[in-house]
Number of protein chains: 2
Amino acid sequence: MLRINNRLLSLSSPRILAAVGLISRKEQKSHSTLTLQNLNPLVKEVEYAVRGPIVIRAGEIEKQLKGTHKFPFDRVIRANIGDCHASGNQVPLTYIRQFVAGCTYPELLKSPNFPSDIKEKVERLLSVCGGKSLGSYTESQGIITIRQDIANYIQQRDGYPSDSNNIYLCNGASDGIKTVIKLLMNNNQKKPSGIMIPVPQYPLYSATLSEYGAHPIEYYLDEDNNWALNIDELERSINQSKERCEPRGIVIINPGNPTGQVLSRENIENVLRFAHKHQLFVMADEVYQENVYLSGSKFFSFKKVLMDLGAPFNQMELASFHSASKGWHGECGSRGGYYELINIDKDVKVQINKLISACLCSTAWGQAVMGAIVNPPKEGEPSYELYKQERSAVFNRLKEKADLVSRLFNSVEGVQCNTVMGAMYAFPRIEIPKKAIEHAKSKNMAPDAFYCFQLLEKTGICVVPGSGFKQRPDTYHLRTTILPPIDQMKDMVEKFRTFHMSFLREWK
Amino acid sequence: MLRINNRLLSLSSPRILAAVGLISRKEQKSHSTLTLQNLNPLVKEVEYAVRGPIVIRAGEIEKQLKGTHKFPFDRVIRANIGDCHASGNQVPLTYIRQFVAGCTYPELLKSPNFPSDIKEKVERLLSVCGGKSLGSYTESQGIITIRQDIANYIQQRDGYPSDSNNIYLCNGASDGIKTVIKLLMNNNQKKPSGIMIPVPQYPLYSATLSEYGAHPIEYYLDEDNNWALNIDELERSINQSKERCEPRGIVIINPGNPTGQVLSRENIENVLRFAHKHQLFVMADEVYQENVYLSGSKFFSFKKVLMDLGAPFNQMELASFHSASKGWHGECGSRGGYYELINIDKDVKVQINKLISACLCSTAWGQAVMGAIVNPPKEGEPSYELYKQERSAVFNRLKEKADLVSRLFNSVEGVQCNTVMGAMYAFPRIEIPKKAIEHAKSKNMAPDAFYCFQLLEKTGICVVPGSGFKQRPDTYHLRTTILPPIDQMKDMVEKFRTFHMSFLREWK
């Protein structure tokens, strides 16, 4: 462990990755056409902690555990990523899988055991696919019936019309987010384009802005106010950025990742007024809209609040992202996702449609999964009871763990954890002793990265350090998912408690 | 039709898209945050003819045909895109679909009718998926057993080892191609990065270079030599480009799209020597490697030839792309694909792995389809006979049409068509009368775009003009797929013959 720590420099250095990848610089070829020196410099800037060095190290440990190498634990607890089915506590819904299997191999529909409501849905979808096959390219925006079902889902959610022509299916929300940010990049300006992103944030945003050479306009979420958005802070952030960039858009993640808050309606209203004042394109990352647990709190979509506000706000441009990966479905591997674009200039829309056509279409199987999610069985249909039962079971377990996890963390000395209102994560704040901070810094490591590496090596718990999401200077956090089974979560927090106490003692 | 022609300006103008999209500029909102003026200027430069204005117009006609609007034809023949299952002449292989359905809904494996060999394959794949579900995120490079199967497929193809650590699953080859080109973009240089691309080319390449602000170094394929690569022409092209860019890589499409050639081993050797001399990163687009029809011609992978050449060529960096979308499988909608990277600098590889991790992974269902393709049933296994029979039927039909189509086109006066050796397209050269050329130019249209619009309006045949792929100045072509059923292809060429004769008369 010490040897590994000695070799690790900083979470933000590309060298750490080389180090963790156990790569010897001497092994390098000397006459390569593509080298670290002439590689796209923007690629070098990209960082993505959710699959970063700690996670790479966790994979190594898993391999070593199978061999003779001994660790003070039997298994790695992967609490680093919101990977629902992999957690061992959330199984795929029968309804979704029967639907997708039927679309894949329509011979299955001939079986008398195949539920009739799902059969109808399969036939409806395949009737609009080229050659009645999911194997055909779809329209670039996505299969029309699925876009209609999504529009219907949005309409039922918000009480406002949604147009299937404004719906874009994509390969996971990540793909859609990258596309929309790409549109806003105007390199003709003397200053780079700037996008407001929360801190803490989901690192896809910082990674994408790095890749595009854009300026991240970071605004701090208010930890003392359960990670709400503070409008004074938004003003400070945009005003300070104007020398360095041309602000173009604002990203809001609601429910929050990694922070687990669910924004109040009033907070959303104020954010929209702020965005309107500064002429910002609003990007609402709403992939956790089905993950709201705290009683009394409710998901309000940015679209609904924008419409409720009336003119001139209801003319604002908005992109809202949703995903097949989260919620009660958790079909991450499908890479299903969509975004709704509203109030987009018509000429711009033509350009968007042209741009996405160059990669032809998103995965038809991912589209089918997304379609199943937004149009589930209705009461009275043959598949309804099982669907309802499976869905409730998933949701109730998540709700129970959301409640449990902040209580558990708060019971540990030197740890403070806001209530997990929604999403799938807790983001507790960790007290790290001054000596440990100094030690980490002397090794060129972020203190919470040092902490999380130690946690992994001593307990097998794999979480992501707060520095991977960014955080207020001199505060330290970690992100853990709430996905492991309850017993495992309790066990995890107990192991964490023991580790944390011993860490405090070691470095006091 | 005339009205539409009047409104269409040029295939290369964004305005044509607005025009075809029936968008009135007056409808535009005036206070948008994102407008055509401040949209990412690189996005505006992107062009992608395979789903361009002619194809948009074809979609409109299809809608109008369902209404009262009359056309001199009953249906649109979509020969614009290599969309195998949609063509009505290629059905999904039972084996692939049973495998993917089993992975989707493992309950199916309990049926005594489920083939035992496919059952074993499903269990093998799910055993390495998180929670035994395709719904989990996969490793960013792709599921390990599928990467191993791909490596094995490559090894059997080439007779040289392939390492699963060098295999990257992606969302269709397009996604992989964009990733690799991204790596080569070095904007720190005083000159933009340049990538050599063939002309004619598949327009994903020009679109991607536009999007990245890179310089396309265009080299002409030798039409008189069945679209081979001419080394003198490569030298001319790179030497002329050096003032304007920093050459970084070369793209070769083999078998050719849109041109249908299959490169000889000697031609590939010479291209590799050329790339070595100029220190170019080689990108081999080999997605049609299973589509070789002409007897006597054979697919040689760039990797095999590079290895056969020995030192120093066997140390060259190479990316080879393959896809689930083409071949006998034609599973376009799955967006399955992979690339193999060889001889990559180890530090660069760490950066690539980091970059792709930010979007987590490619679609697991697409990966499963790709896995099925590279590891089909073996002789003696329960699924083998049906698989072999279905696969041969698809291949034999394509082979028959490849042979037929060039003969048919060559029988039309003023049309010359090289032999379709492989891939799925014919790219005949069309004689366009001088008066028609002048007329088209006066309307600011590419002459072959004018021709193809007329062809569509008068016959319902939807093909892509050669200008969408680029071509030698003052030559005109069109690209048609060979996917429609034989009777429809014969009918299509007869309609084309009648149209072409009448076009020649009209404009002589």
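Residues numbered from 1 in each chain as written. Chains lettered and ligands numbered in written order. Predicted model: local features only at pLDDT ≥ 70, side-chain atom pairs only at ≥ 80, totals over all residues. Heavy atoms only, no water.

S.K.: Teacher, can you tell me more about the overall build of chain A here?
M.R.: Helix and strand counts for chain A stand at 18 helices and 14 strands. The principal-axis extent of the C-alpha atoms belonging to chain A is close to 65 × 60 × 60 Å. Put simply, 72% of the contacts in chain A that link residues at least 6 apart link residues at least 24 apart. When the accessible surface of chain A is split by element, carbon and sulfur atoms take 48% of a total near 18500 Å². Here chain A contributes 62 positive and 53 negative side-chain charges, whose respective centroids are spaced 6 Å apart. (Helix = DSSP H or I, 4+ residues; strand = E, 2+ residues; numbered from the N terminus. Contact = heavy atoms within 4.5 Å. Areas by Shrake-Rupley, 256 points an atom, 1.4 Å probe, with all protein chains shown as cover. Lys, Arg positive; Asp, Glu negative; His and termini not counted. Charge placed at Lys NZ, Arg CZ, Asp CG, Glu CD.)

S.K.: Please explain the domain arrangement of chain A as it appears in this structure.
M.R.: Residues and elements named next belong to chain A. Structurally, chain A comprises domain 1 (2-89 + 395-507), domain 2 (94-119 + 379-390) and domain 3 (137-374). Summarising the inter-unit geometry, the C-alpha centres of domain 2 and domain 3 are found 32 Å apart. Of the residues lining the interface, 7 residues belong to domain 2; the matching set on domain 3 comes to 8 residues. Roughly 670 Å² is buried in total at the junction of domain 2 and domain 3, and carbon and sulfur atoms are behind 71% of that figure. Inspection of the domain 2/domain 3 interface yields 1 salt bridge. Residues Arg97 and Glu331 are paired through a salt bridge, measuring 2.8 Å at the closest nitrogen-oxygen approach. The dominant element in the side of domain 2 that touches domain 3, judged by the number of residues it contributes, is helix H5 (residues 94-104), at 6 residues. Across the side of domain 2 that touches domain 3, the residue classes tally to 5 nonpolar, 1 polar and 1 charged. (Domains from an automatic or database assignment. Buried area = accessible area lost by both parts, 1.4 Å probe. Salt bridge = Lys/Arg side-chain N within 4 Å of Asp/Glu carboxyl O. Nonpolar A, V, L, I, M, F, W, Y, C, P; charged D, E, K, R; others polar.)

S.K.: Mind showing me how you'd approach the relation of the copies chain B and chain A here?
M.R.: To go from the first copy of the chain to the second, apply a rotation about an axis and then a shift along the same axis. Placing chain B over chain A gives an RMSD of 0.0 Å and needs a rotation angle of 180 degrees, together with 0.0 Å of translation along the axis. Taken together, the rotation angle and the small translation identify this as a two-fold axis. The position closest to the rotation axis in chain B is occupied by the C-alpha of Ala101 of chain B, lying 2.3 Å away. Both copies present the same face, since 100% of the interface residues in chain B are matched by interface residues at the equivalent positions in chain A. (Least-squares fit on C-alpha atoms with pLDDT ≥ 70 in both.)

S.K.: Looking at this structure, how should I read the packing of aromatic side chains?
M.R.: Aromatic ring pairs are defined here through the distance separating the ring centres and the angle between the ring planes. Residues and elements named next belong to chain A. With the rule as written, the count across this model stands at 36 aromatic pairs over all chains. Consider the rings of Tyr384 and Tyr387, whose centres lie 6.2 Å apart with planes at 55 degrees: the pair is tilted. Separated by 3 residues within a single helix, Tyr384 and Tyr387 lie in helix H15 (residues 384-410), roughly one turn from each other. Judged on exposure class, the residue Tyr384 and its partner Tyr387 are both buried. (Phe/Tyr/Trp six-rings, centres within 6.5 Å; stacked < 30°, edge-to-face > 60°. Buried < 20%, exposed > 50% of the residue type's maximum accessible area, 1.4 Å probe, protein only.)

S.K.: So what exactly am I meant to see when it comes to the interface of chain B and chain A here?
M.R.: How big an interface is tends to be expressed through the accessible area that disappears when the partners come together. If you look at the interface, chain B gives 97 residues, while chain A gives 97 residues. Carbon and sulfur atoms make up 57% of the surface buried where chain B meets chain A, a total of about 8500 Å² over both sides. If you look at where chain B meets chain A, you find 2 salt bridges. Linking chain B with chain A are 46 residue pairs in polar contact (both at pLDDT 80 or more). Mapped onto the side of chain B that touches chain A, the elements with two or more residues apiece are helix H2 (14-20), helix H3 (41-45), helix H5 (94-104), helix H8 (172-184), helix H9 (204-212), helix H13 (346-357) and helix H14 (364-374) of chain B. For the side of chain B that touches chain A, the leading source of residues is H13 of chain B, giving 8 residues. (Polar contact = N/O pair within 3.5 Å; in protein donor to acceptor, adjacent residues only side chain to side chain.)

S.K.: Which parts of the structure should I look at to understand the packing of H5 of chain B against H14 of chain B?
M.R.: Helix-helix packing: each pair is described by the crossing angle between the helix axes and the interaxial distance. Residues and elements named next belong to chain B. Running from N to C, H5 and H14 cross one another at 140 degrees; their axes reach a closest spacing of 9 Å. Classified by the angle between their axes, H5 and H14 sit oblique to one another. The handedness of the crossing between H5 and H14 is right-handed. Between H5, through Tyr95, Ile96, Phe99, Val100 and Thr104, and H14, the contact on the second element is made entirely by Trp365, Ala368, Val369, Ala372 and Ile373. Across the contact of H5 with H14, the residue classes tally to 9 nonpolar, 1 polar and no charged. (Axes fitted to C-alpha atoms, helices over the stretch in contact; angles between N-to-C directions. Parallel < 35°, antiparallel > 145°, perpendicular 65-115°, else oblique. Left-handed = near helix turned anticlockwise from the far one by under 90°.)

S.K.: When you look at the pairing of strand S5 (residues 246-253) of chain A in this model, what are you seeing that I'm missing?
M.R.: Consecutive residues of a regular strand have side chains that alternate between opposite faces of the sheet. Residues and elements named next belong to chain A. Within S5, 7 of the 8 residues are buried, leaving the element largely enclosed by the surrounding structure. Alignment of strand S3 (residues 193-199) against S5, held across 4 bridges, turns out to be parallel. Note on S5: the bridge partner recorded for Gly194 is Pro247. In the sheet, S5 pairs with strand S6 (residues 281-285) via 5 bridges, with the strands oriented parallel. Paired with Val251 across the two strands is Met283, which belongs to S6. For the segment spanning S5, helix H11 (residues 265-277) and S6, crossover handedness is right-handed. (Pairing = 2+ DSSP bridges. Right-handed = clockwise from strand over helix to strand, strands pointing away.)

S.K.: Got a minute to help me understand the sheet that holds strand S3 (residues 193-199) of chain B in this structure?
M.R.: Sheet strands line up and pair through hydrogen bonds in the backbone, either parallel or antiparallel. Residue and element names in this part refer to chain B. The mixed open sheet is built from 7 strands, whose spatial order is S2-S8-S7-S6-S5-S3-S4. Sheet topology places strand S2 (167-171) and strand S4 (215-220) at the edges, where each strand pairs with a single neighbour. Between one strand axis and the next, the sheet turns through 25 degrees on average, direction left out of account. Here strand S6 (residues 281-285) runs beside strand S7 (residues 318-323); their pairing, made up of 4 bridges, is parallel. Of the residues in S7, the one forming a bridge with Val282 is Leu318. This element, H8, spans S2, S3, strand S5 (246-253), S6, S7 and strand S8 (336-342) of the sheet and lies at about 35 degrees to S8. Across the sheet, H13 touches S2 and S8, and the angle it forms with S2 is around 30 degrees.

S.K.: Sorry if this is basic, but what is going on with the sheet that holds strand S13 (residues 464-465) of chain B here?
M.R.: Residue and element names in this part refer to chain B. Ordered by their spatial adjacency, 3 strands build an open sheet running S10-S14-S13, and the pairing between neighbours is antiparallel. Only two strands of the sheet have a single partner each, and these edge strands are strand S10 (425-426) and S13. The pairing of S13 with strand S14 (residues 478-481) spans 2 bridges and is antiparallel. Across the sheet, Pro465 pairs through a bridge with Leu478, a residue of S14.

S.K.: It is not clear to me how the side chain of Ser164 of chain B should be interpreted in this structure. Could you clarify?
M.R.: All names here are of chain B. Relative to the helices and strands, Ser164 resides in the loop between helix H7 (144-158) and S2. Residue Ser164 is classed as buried on the basis of its relative accessible area of 13%. Among residues more than four places away in sequence, those in contact with Ser164 are Gln141, Ile144, Arg147, Gln148 and Ala151.

S.K.: When you look at the pattern of salt bridges in this model, what are you seeing that I'm missing?
M.R.: Opposite charge on two side chains makes pairing possible when the charged atoms of those side chains draw close. Under the counting rule described, the total for this entry stands at 46 salt bridges over all chains. Residue Asp158 of chain B is joined to Arg157 of chain B by a salt bridge in which the shortest nitrogen-to-oxygen separation is 2.8 Å. Overlapping salt bridges bring together Arg265, Glu269, Lys304 and Asp308 of chain A as one network.

S.K.: Help me out: how do you make sense of the nonpolar core in this one?
M.R.: In a soluble, globular protein the nonpolar side chains are often hidden away together inside. With 342 residues, the main nonpolar core has Ile250 of chain A together with Ile250 of chain B as its most contacted residues. Sequence-distant contacts of Ile250 of chain B, defined by excluding residues within four places in its chain, comprise Met196, Tyr219, Leu234, Val271, Phe274, Ala275, Leu280, Phe281, Val282 and Met283 of chain B. (Core = buried A, V, L, I, M, F, W, Y, C linked by side-chain atoms within 4.5 Å.)

S.K.: I'm lost on the pairing of S8 of chain B in this one. Help?
M.R.: Residue and element names in this part refer to chain B. Summarising burial for S8: 7 of the 7 residues are buried, a large majority. Here S8 shows two buried faces, one formed by Gly336, Tyr338, Glu340 and Ile342 and the other by Gly337, Tyr339 and Leu341. Pairing of S2 with S8, which is carried by 5 bridges, proceeds in the antiparallel orientation. Pairing of Ile167 across the sheet is with Glu340, part of S8. Examined bridge by bridge, S7 and S8 share 6 bridges and lie antiparallel to one another. Counted as the bridge partner of Ser320 is Glu340 from S8.

S.K.: It is not clear to me how unusual backbone geometry should be interpreted in this structure. Could you clarify?
M.R.: Excluding glycine, residues mostly carry a negative phi; peptide bonds, for their part, are mostly trans. In this structure, Pro200 of chain A follows Val199 of chain A across a cis peptide bond, with omega equal to 0 degrees. Looking at the secondary structure, you find Pro200 of chain A in the loop between S3 and helix H9 (204-212). Its identity is not glycine, yet Asp474 of chain B carries a phi of approximately 65 degrees, on the positive side. Tracing the backbone through its elements, the reader meets Asp474 of chain B in the loop between S13 and S14.

S.K.: Explanation requested: H15 of chain A in the structure shown.
M.R.: Given 3.6 residues per helical turn, the α-helix brings residues three or four places apart onto the same face. All names here are of chain A. Over its 27 residues, H15 extends 39 Å from the first C-alpha to the last, a length consistent with the 39 Å expected when each residue adds 1.5 Å. Residues of H15 that are buried: Tyr384, Tyr387, Glu390, Val394, Leu398, Lys401, Ala402, Leu404, Val405, Ser406, Leu408 and Phe409. Those residues of H15 that are buried are in contact with H5, strand S9 (415-416), strand S10 (425-426), strand S14 (478-481) and helix H18 (486-507). (Expected span 1.5 Å × (residues − 1).)

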